[in-house]
Amino acid sequence: MNRVYTLPFTVGLFLMVNAPKFSLAQCGFCGGGIPATKVVQEIPVGPTSASSTNVTFSKFYDVTGKTFLSCYSFDDTLSATSGFDVVNTDPDSTIYNFTTTINYTIKGPGLSSGLNFSETNSKTYGPDTLTPKNQPGSTITLGPDVYFNQKASHVPDVFSTTAYSGIGNLDINITFGGGAVATGGVNYGYTISTTYSGVFKLTYYICPSVALANSIEDFTAIRTGDIFNIQWLTANEQNNTNYEIQVSTDGKTFSNGGEIQSDAASAGTTAKYEYKYNADPVNVGKIYFRIKRTDPSGKVTYSAILTISDGMSADGSPGFRTYPNPATNSLMFQFDENQTGRYMIELVSASGQIVQRKATTLTGASQIRLYLNPQPVKGLYFLRTTDLSRNRQFVNKVFIE
């Protein structure tokens, strides 16, 4: 199930949505299914005492256009040792208790849904008696002490990949800072010396940019209670073709949920199939479906993977998906279960421009189709569907061919 955002909802924010589900080839670390191709860049940092350091990574770029960056994750492991030189500026001897703080911030492209987090650690010292200003004993060194020891940070599965795709490089920045506060007096000064080192790792998950090359089309699943009504179309149907409905609770390990044989009367035509799957009420969370097609010669192909919510989200919002993806002539937005209300569906470019818009009303239905007429320029877009009756939005990343 995709994430749901409530209004108000600006274009600038929605371009950073998380966890879209693609009806693409079994490219799945980020969206369910077998793992995508992983490309890892690992860069050591330090030891250095610079207050700010840029770590430069290569962007993802495929000149052939056959693959795209589905998502990325980021990891770092840092160690830092800091010392504080403190001086008493009071004309009298003063007994101080110091609390020192060291922090670092890591920032990278992606704004709030990308890399932007910080860590802080503190230590206490004292009581320490410092002599009057400019007298022997008016200064003291606190530390050096270890403030971070192999501190690990992790940013998983970020889908805001625009800044990470294209020709060239990108920088991830690390900045260290800190300070000291004291009890016992207010006339003091300090300087900080921090030395740090670590490793930065950026992992790209790369997926094919074309849909599965098989005859299964318009693969959908609608939930009513514990029953999933699964439907699909097949073009140019063949006799003696077997369709196995496969089910998974983790998107990786699939089991047989039922089978259908092709209808001899539909040979050479477009055939529609329907299967009702009764979900195990013990299973909660997401359910993954795919169709295994075995033709008369024994050749096996698979459909795209559907990711369906087995129940509402925590805020009561339904699951949803968009297909086909990539799209050519039209886009279908589909809820996991039937809805009633007023909706606005919009195709928005990566720069935030509304390219196409359609208003509609659903009455016990789950699907909204947006015809791509006129045909948009090929590239990355976002399909934004607004539930006007309940003041909430649903957003998916889509590709137009």
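So, here's what we can say about the structure. Computed from a prediction, not measured in an experiment: that's the story for all the values here.

## Concerning the overall build of the chain
A count of helices and strands for the chain gives 1 helix and 22 strands. Residue burial in the chain is summarised as follows: out of 401 residues, 48% are buried. A fraction of 72% describes how many contacts in the chain between residues 6 or more apart in sequence connect residues 24 or more apart. Carbon together with sulfur atoms contributes 50% to the accessible area of the chain, which is approximately 18300 Å² in total.

## Considering the nonpolar core
Of all hydrophobic cores here, the largest spans 35 residues; its most connected members are Ile-106, Phe-200 and Tyr-204. At the level of elements, β3 (52–58), β4 (67–88), β5 (94–107), β6 (116–130), β7 (139–158), β8 (169–183) and β9 (188–208) are the ones that each hand at least two residues to this core. Among the elements that make up this core, the one with the highest residue count is β4 (7 residues). Core analysis: the next-biggest nonpolar cluster, separate from the first, contains 18 residues, Trp-232, Tyr-243, Ala-271 and Leu-306 among them.

## Describing the packing of aromatic side chains
Here the structure, examined in full by the defined rule, presents 17 aromatic pairs. Between the aromatic rings of Phe-228 and Phe-289, the centroid separation amounts to 5.3 Å while the plane-to-plane angle is 55°, which identifies the pairing as tilted. Taken together, the residues span a long stretch of sequence, with Phe-228 in strand β11 (residues 227–234) and Phe-289 in strand β15 (residues 285–294) at a distance of 61 residues. Judged by relative accessible area, which is 0%, Phe-228 ranks as buried. Ring geometry for Tyr-277 versus Phe-289: centroids 5.5 Å apart, planes at 80°, classification edge-to-face. Of this pair, Tyr-277 sits in strand β14 (residues 271–278) while Phe-289 sits in strand β15, and the two are 12 residues apart along the sequence. Of the residues examined, Tyr-277 reaches a relative accessible area of 15% and is grouped as buried. Ring-pair connections join several aromatic residues into one group, and the members of that group are Tyr-104, Phe-148, Phe-176 and Tyr-196. Above the face of the Tyr-147 ring, Lys-123 is positioned so that its terminal group lies 5.3 Å from the ring centre.

## Digging into the side chain of Ser-262
Along the chain, Ser-262 turns up in the loop between β13 (255–261) and β14. Separated by 3.1 Å, the side chain of Ser-262 and the backbone oxygen of Gln-238 make a polar contact. For Ser-262, the side chain forms a polar contact with the main-chain nitrogen of Asn-240, separated by 3.2 Å. Once residues lying within four places of it in the same chain are set aside, the contact partners of Ser-262 are Glu-237, Gln-238, Asn-239, Asn-240, Thr-241, Tyr-243 and Tyr-273.

The rules behind the values
Position numbers for residues start from 1 in each chain and track the written sequence from start to end. The predicted origin of the model limits local features to residues at a pLDDT of at least 70 and limits the giving and counting of side-chain atom pairs to 80 or more, whereas totals for whole chains, interfaces and linings rest on all residues. Only hydrogens and water are removed before side-chain values are computed, so all heavy atoms of the structure are retained for them. Labels follow the DSSP assignment, with helices taken as runs of H or I lasting at least four residues and strands as runs of E lasting at least two, numbered in each case from the N terminus. Only protein chains enter the area calculation, which uses a 1.4 Å probe; residues under 20% of their type maximum are buried, those over 50% are exposed, and those in between are partly exposed. Any pair of residues with heavy atoms lying within 4.5 Å of one another is described as a contacting pair. Note that accessible areas follow from Shrake-Rupley with a 1.4 Å probe, and for residues the cover is restricted to the protein chains shown. As used here, the term nonpolar core means buried Ala, Val, Leu, Ile, Met, Phe, Trp, Tyr and Cys residues forming a set that is joined through side-chain atoms within 4.5 Å. When two rings of Phe, Tyr or Trp (its six-membered ring) have centres within 6.5 Å they constitute a pair, described as stacked for plane angles under 30 degrees, edge-to-face for angles over 60, and tilted for the intermediate range. Placement of a charge over a ring requires the Lys NZ or Arg CZ to be within 6 Å of the ring centre, with the centre-to-atom vector within 35 degrees of the ring normal. The term polar contact refers here to a pair of N or O atoms within 3.5 Å; inside protein, the definition further demands a hydrogen-donor-capable atom paired with an acceptor-capable atom, and it admits residues adjacent in sequence only when both atoms are side-chain atoms.

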